[in-house]
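# Descriptive structure summary
For reference, the chains in residue letters:
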Amino acid sequence: MLSYDEYQSKAAGLSFRNQCWIDGAFVPAVSGETFAAINPATGKKLTDVARGSAADIDRAVASARAAFEDGRWSRKTPGERKEVLLRLAQLIRDNLTELALLDTLDMGKPISETVNVDVPGSAMFFQWHAEAVDKLYDEIAPTGGRDVAMVRRMPLGVVGAVVPWNFPLDMATWKLAPALATGNSVVLKPAEQSPLSALFLAELAKEAGLPDGVLNVVPGFGEDAGQALGRHPDVDCLVFTGSTAVGKLFQRYAGESNMKQVWLETGGKSPNLIFADADLDKAADMAAFGIFFNQGEVCSANSRLLVQKDIAEVFIAKLKTRAEAIKQGDPLDPETTMGAMVDAQHATRVASYLAVGKEDARLVTGGNRITIGSSDAFVQPTIFADVPAHSRIVREEIFGPVLAVQTFDTDEDALALANDTEFGLAASIWTADLSRAMDLSDRLNVGTVSVNTVDALSPMTPFGGVKQSGFGRDLSIHSFDKYTALKTIWVKY
Ligand code: NAD
């Protein structure tokens, strides 16, 4: 890590890529319009970014289609694609500080996290998918006789990717790495709150040897650029990470246009179950991490804490100590452990839930939106206890540093509370009893269960949800399923 002074001076010297990236070059939006990229930790403008809309999406899709059809990438061997993506992974590592600064400035998360988590993560995900793709074998069906029936994985064509702002570089990477590794062309629409790292990434991909047109990035707003991509008749597949409400819109866009495949990673309200026999100090450390990491702006944040009654007050006290030790401040300060909310509008939304919590439940700590420096986009780490099951703070995704604590007596009570939600992304269980952990893991209706940890995640394991947390999986070998179609080629001889 560099010092606070060094990050400040490097931030001041950054030059931002702020136009659409189409066909291997930066171009202004067709309309000439721009929007301001704001640093939420200061409220100040970083740069004006091209505001892409339907006309820019058309150009980007045409470029992606041409690249796909002439085979400049789609018909390269997996080994050749691997080499390019491995070079990209290395370029991401070589540009660690700049990429980290872009995400920290654009969306307000601490520099210690972008340097140690987001940027190394992006490099690792590209590397992992690059290395995996030339180890995937196709199949021969067991037909016997004078027939050979091959089952081959083919790239889909043009993939549209629409991603959120909470891990700007990583959410883009989770889509791009498997989509590009399997030979597709991609049009990426980053979130309007955080377009800057994706635009730099596109330039790095060209430097790594990705042919022009294979990756296009159109910054812009959801309702115009995002919708245009979702409705585009020449997009074969739309992959999305974001809110449940917008995920449902993409299903509608597909149904009303060309029936493109749609894969959704959406919201969550993930429960963290703490049993009396758990290692309570470790559980408290990780429960605090599970809700407060990244300002709570994490789809799989452990935002509901379910704790066994006998230990509830002891455990809440431990959590309170940890919440109060969090250092909020300028995200460029390496000592800061919680930054700003992504923007003032989101801070207002999160603060509205603080008001609901104060009505419905017992405030343990935090509970305020605060001003630091020139920005009021900060929210204190907040814990509410005695939260009734009907409260909106336990039913709705807040996407901020707000924990709702409920208590239970038995395993069955815990399970019923945990599954009583429209979401199904993740859950955590803390217990020394392996049989209980396995039995509950089987019955929790979620995509990932972490036992004696929280938010377990790796490029080796699939990530995604059930119910209204979406469907389809990012990461792991299984992520390739979203970006390929099985083709049967049957030869008689
Ligand atoms: P969002 O749904 O508002 O925006 C996500 C993306 O969709 C952005 O690029 C946005 O521009 C675009 N969009 C918005 N409105 C649109 C519209 N009408 N048509 C087309 N596109 C539109 O979500 P957000 O606020 O950026 O991110 C927070 C949400 O993302 C949370 O709900 C969180 O749980 C979810 N998320 C899920 C995962 C996961 O893997 N399940 C991971 C990270 C975030």
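Residues numbered from 1 in each chain as written. Predicted model: local features only at pLDDT ≥ 70, side-chain atom pairs only at ≥ 80, totals over all residues. Heavy atoms only, no water.

### Points about the domain arrangement of the protein
Looking at the protein, the domain boundaries give domain 1 (4-266) and domain 2 (271-460). Each of domain 1 and domain 2 has a C-alpha centre, and the two are 30 Å apart. Domain 1 puts 30 residues into the contact, and the matching count from domain 2 is 31 residues. Regarding the contact of domain 1 and domain 2, the summed buried area is about 2400 Å², with carbon and sulfur atoms giving 66% of it. Where domain 1 packs against domain 2, one counts zero salt bridges. The set of elements that each furnish at least two residues to the side of domain 1 that touches domain 2 consists of helix 1 (4-12), helix 4 (96-107) and helix 5 (111-133). If one sorts the elements of the side of domain 1 that touches domain 2 by residue count, helix 5 sits on top with seven residues. Of the residues contributing to the side of domain 1 that touches domain 2, the split by class is 17 nonpolar, 10 polar and three charged. (Domains from an automatic or database assignment. Contact = heavy atoms within 4.5 Å. Buried area = accessible area lost by both parts, 1.4 Å probe. Salt bridge = Lys/Arg side-chain N within 4 Å of Asp/Glu carboxyl O. Helix = DSSP H or I, 4+ residues; strand = E, 2+ residues; numbered from the N terminus. Nonpolar A, V, L, I, M, F, W, Y, C, P; charged D, E, K, R; others polar.)

### Some remarks on the sheet that holds strand 6 (residues 147-155)
Read across the sheet, three strands follow the order 5-6-22 without closing on themselves; strand pairing throughout is antiparallel. Because the sheet does not close on itself, it has two edges, and the strands there are strand 5 (139-141) and strand 22 (484-492). With strand direction ignored, the average angle separating the axes of adjacent strands in the sheet is 30°. As defined by bridge partners, strand 6 adjoins strand 22 across nine bridges and the pair is classed as antiparallel. (Pairing = 2+ DSSP bridges. Axes fitted to C-alpha atoms, helices over the stretch in contact; angles between N-to-C directions.)

### Some remarks on the side chain of Arg17
Mapping Arg17 onto the fold places it in the loop between helix 1 and strand 1 (20-22). We classify Arg17 as buried; its relative accessible area is 19%. Within the structure, the side chain of Arg17 is placed 3.4 Å from the backbone oxygen of Ser15, a separation counted as a polar contact. Within the structure, Arg17 has its side chain in polar contact with the side chain of Glu98 (distance 2.8 Å). Here Arg17 is in contact with Phe26, Glu98, Leu196, Leu199, Phe200 and Glu203, once residues within four sequence places are set aside. (Buried < 20%, exposed > 50% of the residue type's maximum accessible area, 1.4 Å probe, protein only. Polar contact = N/O pair within 3.5 Å; in protein donor to acceptor, adjacent residues only side chain to side chain.)

### Looking at the packing of aromatic side chains
Using the criterion set out here, one finds 11 aromatic pairs in the structure. Geometrically, the ring pair formed by Phe250 and Tyr253 is edge-to-face, given 5.2 Å between the ring centres and 80° between the ring planes. Of this pair, Phe250 and Tyr253 both sit in helix 9 (residues 244-256), three residues apart, which is roughly one turn of the helix. By relative accessible area, Phe250 is classed as buried at 2%. Classification of Tyr253 as buried rests on a relative accessible area of 7%. (Phe/Tyr/Trp six-rings, centres within 6.5 Å; stacked < 30°, edge-to-face > 60°.)

### Notes on the packing of helix 3 (residues 78-94) against helix 7 (residues 196-208)
Axis separation between helix 3 and helix 7 bottoms out at 8 Å; the angle between their running directions is 130°. Taken together, the axes of helix 3 and helix 7 lie oblique to each other. Both helix 3 and helix 7 take part in a crossing whose hand is right-handed. Taking contact as the criterion, the partners of Val84, Arg87, Leu88, Leu91 and Ile92 in helix 3 are, on helix 7, Leu201, Leu204, Ala205, Glu207 and Ala208. Considered class by class, the residues forming the contact of helix 3 with helix 7 number eight nonpolar, no polar and two charged. (Parallel < 35°, antiparallel > 145°, perpendicular 65-115°, else oblique. Left-handed = near helix turned anticlockwise from the far one by under 90°.)

### Considering the pairing of strand 8 (residues 185-189)
Judged by how many residues are buried, strand 8 sits mostly within the fold: five of five residues are covered. Burial along strand 8 is two-sided: Ser185, Val187 and Lys189 and Val186 and Leu188, pointing in opposite directions, are all buried. When strand 7 (residues 158-162) meets strand 8, the two strands line up parallel, connected through five bridges. Looking at strand 8, one finds that Ala161 is bridged to Leu188. Following the chain from strand 7 across helix 6 (residues 168-181) to the adjacent parallel strand 8, one finds a crossover that is right-handed. Alignment of strand 8 against strand 9 (residues 215-217), held across three bridges, turns out to be parallel. Each residue of the ladder has a partner; that of Val186, found in strand 9, is Leu215. Following the chain from strand 8 across helix 7 to the adjacent parallel strand 9, one finds a crossover that is right-handed. (Right-handed = clockwise from strand over helix to strand, strands pointing away.)

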